[in-house]
Amino acid sequence: MRSASETGEPEALVDLRRRMPGRGAWLHPSPDCLQLAIKRRAIVRALPGVGNVSDVESQLAELSCEGT
């Protein structure tokens, strides 16, 4: 999901409950799908203005470790 950070810059967030307002993009909850989306720059294309997807990658890595 695209949202504005505290500084006003666009950022990508993981919205597990699908309740946050803003522009969203679907991503299969698989590490392989995430790596492919990063490689193809799919997140950046789906969420214009978002250049840094490392936060999304770390959030999804945490979730996969927790078993969610």
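In this report, we go over the structure that sits alongside the text. Just so it is clear, the model here is predicted, and its values are computed rather than measured. By convention here, each chain's residues receive numbers from 1 onward along its written sequence. Under the rules for a predicted model, residues below a pLDDT of 70 receive no local features and side-chain atom pairs below 80 are neither given nor counted, while totals for whole chains, interfaces and linings still include all residues. Just so you know, side-chain values use all the structure's heavy atoms and leave hydrogens and water out.

## Examining the overall build of the protein chain
Where helices and strands are cited, they refer to DSSP runs of H or I of at least four residues and of E of at least two residues respectively, numbered from the N terminus. Counting its secondary structure elements, the protein chain contains 3 helices and 2 strands. Listed by position from the N terminus, the elements making up the protein chain come as β-β-α-α-α. Note on classification: 1.4 Å probe, protein chains only; a residue is buried when its accessible area is under 20% of the maximum for its type, exposed when over 50%, partly exposed between these limits. Counting only residues that meet the buried cut, the protein chain has 16% of its 68 residues in that class. Whether two residues touch is decided by their heavy atoms; if any such pair falls within 4.5 Å, the residues are in contact. In the protein chain, the share of contacts with a sequence separation of at least 24, taken over all contacts with a separation of at least 6, comes to 36%. Only the protein chains shown count as cover for residues, and the accessible areas themselves come from Shrake-Rupley with a 1.4 Å probe. Only carbon and sulfur atoms are counted for the fraction: they give 51% of the accessible area of the protein chain, which is about 5200 Å².

## Notes on the environment of Val44
The topology assignment puts Val44 in helix α2 (residues 42-46). Measuring from C-alpha to C-alpha, the distance between Val44 and Ala12 comes to 9.1 Å, with 32 residues separating the pair along the chain. Those residues in contact with Val44 that sit more than four places away from it in its chain are Val50 and Val53.

## Here's the deal with a positive patch on the surface
Only residues whose relative accessible area exceeds 30% and that form no salt bridge are eligible for patches; like-charged ones are grouped when within 9 Å, while nonpolar side chains (Val, Leu, Ile, Met, Phe, Trp, Tyr) are grouped when within 5 Å. For this analysis, a salt bridge means a side-chain nitrogen from Lys or Arg found within 4 Å of a carboxyl oxygen belonging to Asp or Glu. Under the convention used here, Asp and Glu are negative, Lys and Arg are positive, and both His and the chain ends fall outside the count. Each charge is placed at NZ for Lys, CZ for Arg, CG for Asp and CD for Glu. Residues Lys39, Arg40, Arg41 and Arg45 make up a contiguous surface patch of positive charge. Structurally, the position occupied by Arg45 is in helix α2. Residue Arg45 is classed as exposed on the basis of its relative accessible area of 59%.

## A look at the nonpolar core
Counting 8 residues, the largest nonpolar core is built from Ala12, Leu34, Ala37, Ile43, Leu47, Val50, Val53 and Val56. Leaving out residues up to four positions away in the same chain, Ile43 has contacts with Leu34, Ala37 and Val53. The set of buried Ala, Val, Leu, Ile, Met, Phe, Trp, Tyr and Cys residues whose side-chain atoms join them within 4.5 Å is what this entry labels a nonpolar core.

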